[in-house]
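The lines below spell out each chain.
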Amino acid sequence: MNRRTALGLGTVATAGTVLGAGTPASAAPGDADADLTTAAATPQRVAARVAEAYQRETTQAGGNWQAYVSVADAAGGTPVVAVADDPDQRLEAYSVNKIAVATAVLDKVDRGLLTLDQRVDVTAAIVVPGGDGIFSLDNAYPSSVTLGHALAALLTVSDDTAVRLCGLVCPAAELNAILVAKGFPNTQVEPVANPNRFFLGTSTPRETHELLRALVAGTLLSPASTAFLLNLLRSPIAFTDGIRRTMSSEERARIATKAGWFGSARHEAGVIFDASGAAVLTYAIFADGQADADNFGATHPAVQARARLGRIMMNATSRLAGAGRHYRPSRQRPSNGG
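In this text the structure is predicted, and so the values were computed from the model without any measurement.

A tally of helices and strands in the protein chain yields 12 helices and 11 strands. Counting the 338 residues in the protein chain, one finds 52% classified as buried. In the protein chain, the proportion of contacts linking residues at least 24 apart, taken out of those at least 6 apart, comes to 68%. Summing over all exposed atoms, the protein chain offers an accessible surface of approximately 13,800 Å²; the carbon and sulfur share of this is 54%.

A word on the nonpolar core. Counting 57 residues, the largest nonpolar core has Leu154 and Leu229 as its most contacted members. No other element matches the 8 residues that helix H5 (residues 98-110) contributes to this core. Once you skip the residues sitting within four places of it in the chain, leucine 154 turns out to touch Lys98, Val101, Ala102, Asp159, Ala162, Val163, Cys166 and Lys258. Among the nonpolar cores identified, the runner-up in size contains 30 residues, and Ala47, Ala82, Ala305 and Ala316 belong to it.

The relative placement of two packed helices comes down to the angle between their axes together with the axis-to-axis distance. It is at 9 Å that the axes of H5 and helix H8 (residues 172-181) come closest, and there the two elements cross at 90°. It follows that H5 is roughly perpendicular to H8 by the angle criterion. Contacts between H5 and H8 pair Ala100, Val101, Ala104, Asp107 and Lys108 from the former with Glu174, Leu175, Ile178 and Leu179 from the latter.

With the rule as written, the count across this model stands at 4 aromatic pairs. Above the face of the phenylalanine 273 ring, arginine 234 is positioned so that its terminal group lies 4.7 Å from the ring centre.

This brings us to the side chain of arginine 266. Structurally, arginine 266 is set in strand S9 (residues 265-273). Aspartate 294 provides the closest opposite charge to the buried, unpaired arginine 266, separated from it by 6.8 Å. Within the local environment of arginine 266, its side chain forms a polar contact with the backbone oxygen of glycine 263, the two atoms lying 2.9 Å apart.

All told, the structure shown has 11 salt bridges when counted by the stated rule. The residue arginine 206 makes a salt bridge to aspartate 88 at a minimum N-O spacing of 2.6 Å. Of this pair, arginine 206 sits in helix H9 (residues 205-217) while aspartate 88 sits in the loop between strand S2 (80-85) and strand S3 (91-92), and the two are 118 residues apart along the sequence. Since its relative accessible area comes to 30%, arginine 206 is described here as partly exposed. A salt bridge links glutamate 268 to arginine 306; its shortest N-O distance comes to 2.6 Å. Residue glutamate 268 is found in strand S9, and its partner arginine 306 is found in helix H12 (residues 301-316); the two are separated by 38 residues along the sequence. On the accessibility criterion, arginine 306 (1% relative accessible area) is buried. Three or more residues are tied together by salt bridges with common partners; here these are Arg56, Glu57 and Arg308.

Before going further, it helps to spend a moment on unusual backbone geometry. Cis geometry is adopted by the peptide bond preceding proline 142, which originates at tyrosine 141 and carries an omega value of 0°. With respect to the helices, strands and loops of the structure, proline 142 is situated in the loop between strand S4 (119-122) and strand S5 (143-146). Even without being glycine, asparagine 139 reaches a positive phi, approximately 60°. Looking at the element boundaries, asparagine 139 is found in the loop between S4 and S5. For asparagine 139, a relative accessible area of 72% translates into the label exposed.

Cut-offs used in this document
Residues numbered from 1 in each chain as written. Predicted model: local features only at pLDDT ≥ 70, side-chain atom pairs only at ≥ 80, totals over all residues. Heavy atoms only, no water. Helix = DSSP H or I, 4+ residues; strand = E, 2+ residues; numbered from the N terminus. Buried < 20%, exposed > 50% of the residue type's maximum accessible area, 1.4 Å probe, protein only. Contact = heavy atoms within 4.5 Å. Areas by Shrake-Rupley, 256 points an atom, 1.4 Å probe, with all protein chains shown as cover. Core = buried A, V, L, I, M, F, W, Y, C linked by side-chain atoms within 4.5 Å. Axes fitted to C-alpha atoms, helices over the stretch in contact; angles between N-to-C directions. Parallel < 35°, antiparallel > 145°, perpendicular 65-115°, else oblique. Phe/Tyr/Trp six-rings, centres within 6.5 Å; stacked < 30°, edge-to-face > 60°. Lys NZ or Arg CZ within 6 Å of the ring centre and 35° of its normal. Lys, Arg positive; Asp, Glu negative; His and termini not counted. Salt bridge = Lys/Arg side-chain N within 4 Å of Asp/Glu carboxyl O. Polar contact = N/O pair within 3.5 Å; in protein donor to acceptor, adjacent residues only side chain to side chain.

This is the structure we're talking about:
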């Protein structure tokens, strides 16, 4: 149980701020699962719905939560904050920081120092044995892949060996310097003795949120690199157990997301887009200390909470226009071979 839960605060203060009132809308069971498509047509009302749902779901799941969630305001320009739950706490981001790793690598691509079609060697020594992803399943080394392939594995199936492949072309010290120069001093990987390897390091909910906001605003990377990164995070094989779980394939294509899990931690951060491809809601949700720490599947309490929250956020934003640039998802359909 975290400090806010112990004090009985939850996100009450946040919801009250959103509504401009002393208390939030009722968070009685079932309220946030009602017909949000007709009830929440303004950024402020969407933010209030998200706030009460976040409070309910995190309280039910237990453990520690830190988050920053905002709703786009196409008219006013400044996003409306829905949740600000210890947003500046620096914590282990785990695989959510793979977005930051990809950002640094793509920054070098944008500057002409790397290319997506250059090859990196996959040796037996670089493969993380038993790690998440696909490289540890190959059982045939050495081999080589393009840098684009490594990034695709990094951001879709969250491949652990792909982290090391990125380190071959963007060492830890350089990666951290790139992120600092872009305005993210708390989003840093943790160097080890080998300069080309690192642990995934730290971030804060607010910085992860702002990194995603900069990405969709087009100020983080070139248009080509932005589209490449978002296409990976919105692909059908990107993470589906959390925010995207109870979605249609069309709805999943409107959500760019990245999860991170290690020990008792279950994190997820991403962007929900409206039907035209404009960002309508940005979230960075970090959780740890819940029950069932050895369960990395969809039935973990924190993952179940995010799945319910994801459905609520999608419903609540369904009649709300996003803001900024438009990124229509690539049309992807199953193939029968041939």
